[in-house]
Amino acid sequence: MRAYSASSEEALLTRTLLKDWAGEGFITESQHRRMEQETACELRCTNIFLRIVLFLFTLVILGAAAALCFVVFRLQPAAQSAGIFLLIFAAVSYATAEFAVSRARLYRYGIEEALATCSVGFLCAGLQAVLFSGQRYSPKPDGTELLVPAIGAIVSLWIWHRFGFPYAFLAAMIFVLLLPGYWTSSHSAQHLIVAAFYAAGLIIVATVRSRDRLTYLDYRYSIVEALLWLGIYLAINLHLSSADLLKQWWGGPQITAEFSRTFYWITWVLIWCLPPVVLARGLRRKDRRVIAVGAIMAILTLVTNKPYLGGQRHTWDPMLLGAFLIGVALFIRRWLAHGPGEIRHGFTAKRLSGKDKRWMNAGSAAVGLVSANSITLSPQTASRDFHFDGGDAGGGGASSDF
Amino acid sequence: MTTLARLEQWKEHGVISPEQHALLAGLSRGEPFSLFLELNILLYAGILAFVAGLGWTVSTWSQQLGDVLVVTVLSAMLAACFWYCFSRAPAWSPSEVSSPSLVFDYLLYLGALIWSVELAYLESRMHLLSGQWDLYVLTTAALFFFLAYRFDNRFVLSLALSSLAGWFGLAISHWPSHQEVAYRKYAILYSLFVGIAGTLLQRRGLKPHFFGTYLNVAANVLFWALLSGVFTRQHYVLWFLALLACCGASLAWGLPRREFSFVAYAAVYGYVGVSSILIRDIQTATALLSYFVITGIAMLAMLVQIARRFGREV
């Protein structure tokens, strides 16, 4: 069922760990070489930059090829014949992705990823054109239009299962978001249905995952579990998942009118209950991604608590949040540092992997790149009414606006 | 075979010692589990949120709070940050120095951001330099470079490079006309300055690990500037030739050193630049789309060759 054998994926995982350990000096270079020889596998990988560029160029080729067919055969985008072409394109893209994996043994190479991703896009667009050509895309009472997102979700799940691309699972979650709109017009029910879908997925993943602890599958399920937790949270937090989010945050009508009072306050209780549950699960399983999602949820809860309670926002709210985050980080660090060997309950604040350092270096460089590109000030800002917007003048990045 | 099983096998075959086995098996199981990255991200997010709130509060309530109070509080915070850093810093070394504590780098970063807020406040309220913002920005860049090199801090180095870019931008804003052309030229000047300065500092052994940051910033600014020149309808040939030369240099730099970000820059910026020239006179959609299919395949084939020869990751 899976495109890659378990032994190949395990070998790749081991090789990644060996590289990290060699970089940190836990094993010598000669040990590394010998161990690498014993973990050789036939899969062809590449580094992240080439992977992204290969992905982009494959997307360009596929998009241009599909558009070329439309132009050459004079197809109308909404016509049934165009839909059939798109379905053929979907099949060809998927078959090519399978070929790239089975024959060329590509693994996270960008090309097979773009092919598989496009196959889902072509399939959904093709189905839409074949089944509903000439009709407006809108929720119908008979609900037949839900076929497109439903099939999109199923195929995305298949691609995640077959190739292991985490973003395919994310795509499936996004397709699921579209489904409740075809069943009910009640906003509360829509939120509940989405949360129920994600919760069902979470139960399945948690059950399956317990069998694969410390294997390559554990890594794969870890991402999926984190995504599902985040999905549930976003579906429940009405101040994040509402359609008119930006309007409400900037003084628009309150969303309390959209939902019943009971539902509204139950979700408020839930957004406070979920983060500790997720954090506790992540810490118990020592799952980095679930811990990260738990922390993100906790921060989002703090940020959305005031809008939930109808409280007035103050300019110093971000300061308090920042001080709180700094305080929590320092407290945890000190608490861990005072344990024997700077370890408490199996956790440490020390850096144990070279990967962490690489992430930090890349992150700080990226901050520099982003600010360097956005730093150039417009001429009028040199006047006496200069607005110190975004901390640009000092490159500070602070959201100050004088 | 899982990693743990392999480690067991390697221990039995004498490839690794029992001590190494214990350490590596523990790391594989997440024992101990490092929260280093998470705590760093939490601190970074906290600092950003704090400074954002500080700037917002000061700008909104400055009338009510009064200049004296605002400046006193900001100065006190700035002094506290810098006092902590200067009093706890290890002796300066030209090579890489690890941070004395988790919070050290972030307090320095906080201090640098507060400096920016305070400077902006002083100028916007008191107009001390009569709107000569470029002087403020240049001073700030100089201070940030000093702090980055004194305390070996990449975050502050990034701020310094950004501030320097801001100074270049402000200097041009005083110019009367042809600002688009001037911006492009000064962007190129900036990138050359940053690239050359980074190279010289690396050659002299002054924090050579900063070189990557210099080079990435310089390369991106240079490519953007050249691309903007290529996009113009007139006098684009020189810009185009310069872009091709830079793509070649980027490839020549990146491939032997396995710095694949530079290979990616050459591929993407080069493709966009060349395509913008070649598709200018294409009239039909068929020809245009055929161009993208054919050149896309050609690029893919070339990149696959590069990836096979140089870019194998594990």
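Residues numbered from 1 in each chain as written. Chains lettered and ligands numbered in written order. Predicted model: local features only at pLDDT ≥ 70, side-chain atom pairs only at ≥ 80, totals over all residues.

Asks: I would appreciate a short explanation of the overall build of chain B in the present structure.
Replies: A count of helices and strands for chain B gives twelve helices and one strand. The order of α-helices and β-strands along chain B, N terminus first, is α-α-β-α-α-α-α-α-α-α-α-α-α. Expected size for 314 residues packed as a compact globule is a radius of gyration near 20 Å; at 25 Å, chain B overshoots this value by more than 25%. Expressed along its principal axes, the backbone C-alpha trace of chain B runs to roughly 70 × 65 × 40 Å. For chain B, the residues scored as buried account for 42% of the 314 residues in total. Excluding contacts between residues fewer than 6 apart, the proportion of contacts in chain B whose partners are at least 24 apart in sequence is 56%. (Helix = DSSP H or I, 4+ residues; strand = E, 2+ residues; numbered from the N terminus. Rg over C-alpha atoms; globule rule 2.2 N^0.38 Å. Buried ≥ 20, exposed ≤ 12 C-beta atoms within 10 Å, placed from the backbone. Contact = placed C-beta atoms within 7 Å.)

Asks: How do you make sense of the overall build of chain A when you look at a structure like this?
Replies: For chain A, the helix and strand inventory stands at 16 helices and two strands. By residue count, 39% of the 402 residues in chain A fall in the buried class. Across chain A, the fraction of contacts at a sequence separation of at least 24, relative to all contacts at a separation of at least 6, is 58%.

Asks: Which parts of the structure should I look at to understand the interface of chain B and chain A?
Replies: Size of an interface, as often reported, equals the accessible area lost when the parts are brought together. Taken together, the contact between chain B and chain A spans 106 residues of the former and 97 residues of the latter. When grouped by side-chain class, the residues that make up the side of chain B that touches chain A number 64 nonpolar, 35 polar and seven charged. Here strand E2 (residues 347–348) of chain A runs beside strand E1 (residues 33–34) of chain B; their pairing, made up of two bridges, is parallel. In the sheet register, Thr 348 of chain A faces E1 of chain B, and the bridge partner there is Ser 34 of chain B. (Nonpolar A, V, L, I, M, F, W, Y, C, P; charged D, E, K, R; others polar. Pairing = 2+ DSSP bridges.)

Asks: Can you help me understand the sheet that holds strand E1 (residues 343–344) of chain A in this one?
Replies: The pairing of strands in a sheet happens through backbone hydrogen bonds and is either parallel or antiparallel. Taken together, the three strands give an open sheet; going across it, the order is E1(A)-E2(A)-E1(B), and neighbouring strands pair in mixed fashion. Edge positions in the sheet fall to E1 of chain A together with E1 of chain B, since each of these pairs with one other strand and no more.

Asks: I tried to follow unusual backbone geometry on my own but got confused; where do I start?
Replies: Working note: non-glycine residues mostly have negative phi, and peptide bonds are mostly trans. Glu 31 of chain B connects to Pro 32 of chain B through a cis peptide bond whose omega is -5°. Positive phi outside glycine occurs at Glu 342 of chain A, with the angle close to 60°. Locating Glu 342 of chain A in the fold gives a position in the loop between helix H15 (317–337) and E1. For Glu 342 of chain A, a count of 14 C-beta atoms within 10 Å gives the class partly exposed. Positive phi, normally seen in glycine, also occurs at His 345 of chain A, with a value near 50°.

Asks: Any chance you could explain helix H7 (residues 166–178) of chain A here in plain terms?
Replies: Counting along an α-helix, one turn takes 3.6 residues, and residues three or four places apart therefore face a common direction. Among the residues of H7 of chain A, those classed as buried are Ala 168, Phe 169, Ala 171, Ala 172, Met 173, Phe 175 and Val 176 of chain A. The inward-facing, buried residues of H7 of chain A contact helix H5 (111–132), helix H6 (147–163), helix H9 (187–209) and helix H10 (216–236) of chain A.

Asks: I tried to follow the nonpolar core on my own but got confused; where do I start?
Replies: Generally speaking, a soluble globular protein has its nonpolar side chains buried in company with each other. Counting 161 residues, the largest nonpolar core has Leu 50 of chain A together with Ile 47, Val 51, Val 156 and Leu 303 of chain B as the members making the most contacts within it. No other element matches the 13 residues that helix H5 (residues 104–126) of chain B contributes to this core. Ranked by size, the runner-up nonpolar core spans 15 residues in total, among them Leu 17, Ile 27 and Met 35 of chain A together with Trp 10 of chain B. (Core = buried A, V, L, I, M, F, W, Y, C linked by C-beta atoms within 7 Å.)

Asks: Help me out: how do you make sense of the packing of helix H3 (residues 48–72) of chain A against H5 of chain A in this one?
Replies: When two helices pack together, you describe them by how their axes are tilted relative to each other and by the distance separating the axes. Residue and element names in this part refer to chain A. Remark: H3 packs on H5, axes separated minimally by 8 Å, with the N-to-C direction vectors making an angle of 40°. In terms of orientation, H3 lies oblique with respect to H5. In this structure, H3 crosses over H5, and the sense of that crossing is right-handed. For the pair H3 and H5, the contacting residues are Leu 54, Phe 55, Thr 58, Leu 59, Leu 62 and Ala 66 in the first and Ile 111, Glu 113, Ala 114, Leu 115, Cys 118 and Phe 122 in the second. Across the contact of H3 with H5, the residue classes tally to ten nonpolar, one polar and one charged. (Axes fitted to C-alpha atoms, helices over the stretch in contact; angles between N-to-C directions. Parallel < 35°, antiparallel > 145°, perpendicular 65-115°, else oblique. Left-handed = near helix turned anticlockwise from the far one by under 90°.)

Asks: Would you take a moment to explain the environment of Ala 349 of chain A for this structure?
Replies: Mapped onto the fold, Ala 349 of chain A is located in the loop between E2 and helix H16 (354–374). Residue classification places Ala 349 of chain A among the buried residues on the basis of 23 C-beta atoms within 10 Å. C-alpha separation for the pair Ala 349 of chain A and Ala 329 of chain A, spaced 20 residues apart in sequence, amounts to 10.0 Å. Contact partners of Ala 349 of chain A, with chain neighbours within four places excluded, come to Arg 333, Leu 336, Ala 337 and Glu 342 of chain A together with Leu 35, Phe 36, Leu 39 and Leu 102 of chain B.

Asks: Could you clarify how one ought to interpret the confidence of the model for chain A in this entry?
Replies: Taken residue by residue, chain A gives an average pLDDT of 85. The fraction at 70 or more is 84%. Confidence over residues 371–402 of chain A falls short of pLDDT 50; this stretch has 103 contacts with residues more than four positions distant or in other chains. (pLDDT = per-residue confidence, 0-100.)

Asks: Whenever I open this one, the environment of Val 269 of chain A confuses me. Can you help?
Replies: Along the chain, Val 269 of chain A falls in helix H13 (residues 261–285). Taking the C-alpha atoms as reference, Val 269 of chain A lies 10.0 Å from Ile 236 of chain A; in sequence the two are 33 residues apart.

Asks: How should the packing of helix H9 (residues 211–230) of chain B against helix H10 (residues 237–257) of chain B be read in this particular structure?
Replies: Residue and element names in this part refer to chain B. It is the contact of H9 with H10, at a shortest axis distance of 8 Å, that shows an interaxial angle of 150°. In this view, H9 runs roughly antiparallel relative to H10, as classed from their interaxial angle. H10 is crossed by H9, and the crossing has left-handed handedness. Of H10, the residues touching H9 (which contributes Ala 219, Leu 222, Phe 223, Leu 226, Leu 227, Gly 229 and Val 230) are Trp 239, Phe 240, Ala 242, Leu 243, Cys 246 and Ser 250. By residue class, the composition of the contact of H9 with H10 is eleven nonpolar, two polar and no charged.

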